[in-house]
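# Per-entry structural report
Chain residues, written in single-letter form:
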Amino acid sequence: MDTSVHTKFDNSIVLPELANDTIEPHLNLRPKNFDEYPGQERVCENLKVYTQAAKLRGKMLDHCLFHGPPGLGKTTLAGIVAETMGYQIKVTSGPVIERAADLMGILASIESKTILFIDEIHRLPSNVEEILYSAMEDMRLDILIGQGPTARTVKFDLPPFCIIGATTKAGAISAPLRDRFGIQEHLDFYSPESLTKILMRSAKIMNAQLENEAAFLLSTRCRGTPRIANQLLKRILDFALVSNKISIDCDVVNLALKRLGVDSEGLCIMDRDFLKIMKDRYQGGPVGLDAIAAALNEEKSTLEDVYEPYLVYRGFVLRTARGRMLSDLGKNHLDN
Ligand SMILES: Nc1ncnc2c1ncn2[C@@H]1O[C@H](COP(=O)(O)OP(=O)(O)OP(=O)(O)O)[C@@H](O)[C@H]1O
Ligand SMILES: [Mg+2]
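Residues numbered from 1 in each chain as written. Chains lettered and ligands numbered in written order. Predicted model: local features only at pLDDT ≥ 70, side-chain atom pairs only at ≥ 80, totals over all residues. Heavy atoms only, no water.

An unreviewed UniProt entry lists the protein chain under the name Holliday junction branch migration complex subunit RuvB, from Silvanigrella paludirubra. Here the protein chain is described in UniProt, under the heading Subcellular location (unreviewed entry), as follows: "Cytoplasm". A UniProt comment under Catalytic activity (unreviewed entry) is attached to the protein chain, and it reads "ATP + H2O = ADP + phosphate + H(+)". (UniProt positions renumbered as here; feature names shortened; annotations may be inferred.)

### Things to note about the packing of helix α8 (residues 226-242) against helix α9 (residues 250-259)
Where α8 meets α9, the axes come as close as 9 Å, and the angle between the chain directions of the two elements is 110 degrees. Looking at the two axes, α8 sits roughly perpendicular to α9. Here Leu232, Ile236, Phe239 and Ala240 of α8 lie close against α9, whose contacting residues are Val252, Val253, Leu255, Ala256, Leu257 and Arg259. (Axes fitted to C-alpha atoms, helices over the stretch in contact; angles between N-to-C directions. Helix = DSSP H or I, 4+ residues; strand = E, 2+ residues; numbered from the N terminus. Parallel < 35°, antiparallel > 145°, perpendicular 65-115°, else oblique. Contact = heavy atoms within 4.5 Å.)

### Here we look at the sheet that holds strand β3 (residues 64-67)
The five strands are arranged β4-β5-β8-β3-β9 in an open sheet whose pairing can be described as parallel. The sheet terminates laterally at β4 (88-93) and β9 (183-186), the two strands that pair on one side only. Pairs of neighbouring strands in the sheet enclose a mean axial angle of 15 degrees, with direction left out of account. With six bridges joining them, β4 and strand β5 (residues 114-119) adopt parallel strand pairing. Paired with valine 91 across the two strands is phenylalanine 117, which belongs to β5. (Pairing = 2+ DSSP bridges.)

### Description of the UniProt feature "binding site: Mg(2+)" (unreviewed entry) in the protein chain
The positions UniProt marks with the feature "binding site: Mg(2+)" (unreviewed entry) are Thr75. Within the secondary structure, threonine 75 sits in helix α2 (residues 74-85).

### Comments concerning the UniProt feature "binding site: DNA" (unreviewed entry) in the protein chain
UniProt marks Arg319 and Arg324 with the feature "binding site: DNA" (unreviewed entry), using the numbering shown here. Tracing the chain through its elements places arginine 319 in strand β12 (residues 317-320). Those residues in contact with arginine 319, other than ones at most four positions away along the chain, are Glu304, Glu308, Val312 and Arg324. Separated by 3.4 Å, the side chains of arginine 319 and glutamate 308 make a polar contact. (Polar contact = N/O pair within 3.5 Å; in protein donor to acceptor, adjacent residues only side chain to side chain.)

### Examining the side chain of arginine 221
If you trace the backbone, arginine 221 turns up in the loop between α7 (212-219) and α8. Despite its burial, arginine 221 pairs with no opposite charge; the closest candidate is aspartate 263, at 6.5 Å N-O. Within the local environment of arginine 221, its side chain forms a polar contact with the backbone oxygen of serine 264, the two atoms lying 3.2 Å apart. Ignoring any residue separated from it by four or fewer positions in sequence, one finds arginine 221 in contact with Leu232, Asn254, Leu257, Val262, Asp263, Ser264 and Gly266. (Buried < 20%, exposed > 50% of the residue type's maximum accessible area, 1.4 Å probe, protein only. Lys, Arg positive; Asp, Glu negative; His and termini not counted. Salt bridge = Lys/Arg side-chain N within 4 Å of Asp/Glu carboxyl O.)

### So, the pattern of salt bridges
Per the stated rule, a full pass over the model turns up 19 salt bridges. When the shortest N-O distance is used, the salt bridge between aspartate 142 and lysine 155 registers 3.8 Å. Of this pair, aspartate 142 sits in strand β6 (residues 140-145) while lysine 155 sits in strand β7 (residues 152-157), and the two are 13 residues apart along the sequence. Overall, aspartate 142 belongs to the partly exposed group, its relative accessible area being 28%. Notably, a salt bridge pairs aspartate 271 with arginine 223, separated by 2.8 Å at the nearest N-O pair.

Encoded structure:
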């Protein structure tokens, strides 16, 4: 889901750079190693073992697939793995690679000990995806030259390399591609404790005085997502600056969150509209996501990827075989 800067790769294939997150134009809040990356403990502990084992064997790390909702740290984790292994990282994304030749160009120019990070890997066209099969499994590129009866396949050995794929939609990845990832990890929403650590670190980098209780309060209002936590923190710093507050306390956080439309459960205006549509127009459901998307004038995929996962995670919305339903928790929250 990153909308990264695009830059030309040496064979004129357009690659997005692993630049700072677009929400962080001035300061890089992205952690560079596991110690700077609180939360996702199980995933991190596993990755530490896999990276250490690969180093001990003197072999490339197996291909990795990171999946989970947006803003939870998949791209960040890819960078940390590269740093830990001492590999360089080339970054691209599914929608950017339109033709098979684009991917062949990227693979043909890949150097030894490189991680090819493919963001939104579920959006790779299927003819492009097929090229990855032999590249990932046999470290080989099969290039078809010519057409018709004179066509022949040239085999091209690739140097040791590792693919890290990231996706918000693991289910949209075809089984043959998914099976070629030896390491698959799911990232889940963060606990307030982990988010408090992330916020305290970000505040330090931004030279801001954030009180512990204020960080904890904010950690309960950012939809369990570090990207949102950092975004809100930046806006809170604006409010603090303008109202001449040196230290960020709970009062500033509460004031800013109110102005930003973030409620007591951390839901934003769109989240609440999602719930309201279900309650007012569909008597709590069951209702299809298409109908909710049409009523909200929003893309179905945006609701599915960005808003719904947290509402389901918190139990405000239930996914049933007949459609989405507003839970009692969701109803109560709207009534309060
Ligand atoms: N565990 C963490 N500790 C500290 N900061 C984090 C952590 N995880 C994510 N962040 C911050 O949140 C921002 C979003 O992370 P990242 O871009 O890695 O998410 P993502 O899962 O790749 O999102 P998307 O699906 O939208 O591509 C980053 O800028 C990073 O600063
Ligand atoms: Mg990303």
